[in-house]
Each structure stands twice: as structure tokens, then as C-alpha cells.
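Topology and contacts: notes
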Amino acid sequence: MSLQAIVLSLISDIDDPAVRMDISSTIYFLRDVYLDGKLGEEELRKELREIVDTVISATHPELLPEERKKRVDDLVNQLMRAIKLSTLRIRALSRFRSRYRPEFE
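Notes on the structure follow. Quick caveat: nothing in here was measured; it's all calculated off a predicted structure.

**Examining the overall build of the protein chain**
- Counting secondary structure elements, the protein chain contains four helices and zero strands.
- Each helix (α) and strand (β) of the protein chain, taken in turn from the N terminus, gives the series α-α-α-α.
- The C-alpha radius of gyration computed for the protein chain amounts to 17 Å, which surpasses the reference 13 Å derived for 105 residues by more than 25%, pointing to a less compact arrangement than a globule.
- Considering only C-alpha atoms, the protein chain reaches an extent of 65 × 30 × 20 Å along its principal axes.
- Expressed as a percentage of its 105 residues, the buried residues of the protein chain come to 31%.
- Taking as baseline every contact in the protein chain between residues at least 6 positions apart, the subset at least 24 positions apart corresponds to 60%.

Encoded structure:
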């Protein structure tokens, strides 16, 4: 599933457009910071977990703690996979750019 589809499924139960926009823009911001190499994979996972847990707690208060944890873990894993897939090419290019760029002296 694409990053956009996962984000939309996460925020689908939120009625307020401003809150929906804040959540989605925060996730995309984190993706961009990760892409720039200023945020490690574990830090990204931690930040996403906090966001997803907050959203799930607010939208599904009826879930038992174990159910909520499982849903949060599933969504975080989906988000991580989608972010890695959507940034794969750019991350590879930035990692190997200096090796293949001709040096001009």
C-alpha cells in the first residue's frame, strides 16, 4: 500500500480537516527529514509510533491495550515500509552520489 493510502486510512476516522492535515503533514515531514538523513530509522519508528498511538487512542478508545498495541504496531510497520519504498531511489542516489560524480579540479 502506498504511503498516501496508509495515511488516509489512519486519519479516516477524524472529522476535523485541520487535525487531519496536521497529522498527515507531520508524517510527511518526518519522511522528508528521514530522507535527508537527519533522522535515523529507529528515531523515525519512535516518532511514528507516538503519532499513530495518539490517533488510535483518540479514534478507537474502546480498544483494549493489547488490541491498540497490535494495531499501532501494524500501522507503524506499514508506514515504515511505505516510507522506505517511496524514498528508496533518492536515498540510494544520495548515498552513492559522491562515488560516481566526476571530480573537477
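**A few points about the nonpolar core**
- In this structure, Leu10, Ile23, Ile27, Leu44, Leu48, Val52 and Leu79 are the most contacted members of the largest nonpolar core, which totals 26 residues.
- The set of elements that each furnish at least two residues to this core consists of α1 (3-11), α2 (17-35), α3 (41-59) and α4 (65-100).
- When residues in this core are grouped by element, the largest group, seven residues, is from α4.
- When neighbours within four sequence positions are excluded, leucine 10 is seen to be in contact with Ile23, Ile27, Val52, Val55, Ile56 and Leu75.

**Brief notes about the side chain of histidine 60**
- Tracing the backbone shows histidine 60 in the loop between α3 and α4.
- Judged by its relative accessible area of 17%, histidine 60 is buried.

**What about the packing of α1 against α2?**
- Close contact between α1 and α2 brings their axes to 10 Å; oriented N to C, the two are set at 145°. The two elements α1 and α2 meet at a crossing, and its hand is right-handed. Between α1, through Leu3, Gln4, Val7, Leu8, Leu10 and Ile11, and α2, the contact on the second element is made entirely by Arg20, Ile23, Ser24, Ile27, Tyr28 and Arg31.
- For the contact of α1 with α2, a count of residues per class yields eight nonpolar, two polar and two charged.

Conventions used here
- Numbers given to residues run from 1 along each chain, matching the order in which its sequence is written.
- A pLDDT threshold of at least 70 governs which residues receive local features in this predicted model, and a stricter bar of 80 or more applies before side-chain atom pairs are shown or counted, although totals over entire chains, interfaces and linings include all residues.
- Values reported for side chains reflect all heavy atoms of the structure, with hydrogen atoms and water molecules removed beforehand.
- Starting at the N terminus, helices and strands are each numbered in turn, a helix being any DSSP run of H or I of at least four residues and a strand any DSSP run of E of at least two.
- The atom set for the radius of gyration is the C-alpha atoms, and the globule formula is 2.2 Å times the number of residues raised to the power 0.38.
- Exposure categories follow from relative accessible area, calculated using a 1.4 Å probe and restricted to protein chains: below 20% of the type maximum is buried, above 50% is exposed, and the middle band is partly exposed.
- For this analysis, residues touch if any pair of their heavy atoms sits within 4.5 Å.
- Residues belong to a common nonpolar core when they are buried Ala, Val, Leu, Ile, Met, Phe, Trp, Tyr or Cys residues joined through side-chain atoms within 4.5 Å.
- Here an angle of 0 to 180 degrees is reported between the N-to-C directions of two axes, which are lines fitted to C-alpha atoms, with helices fitted over the stretch in contact.
- Take the far helix as the reference: if the near one is turned anticlockwise from it by less than a right angle, the crossing is left-handed, and if turned clockwise, right-handed.
- Residue polarity follows a fixed list, in which Ala, Val, Leu, Ile, Met, Phe, Trp, Tyr, Cys and Pro are nonpolar, Asp, Glu, Lys and Arg are charged, and the others, Gly among them, are polar.

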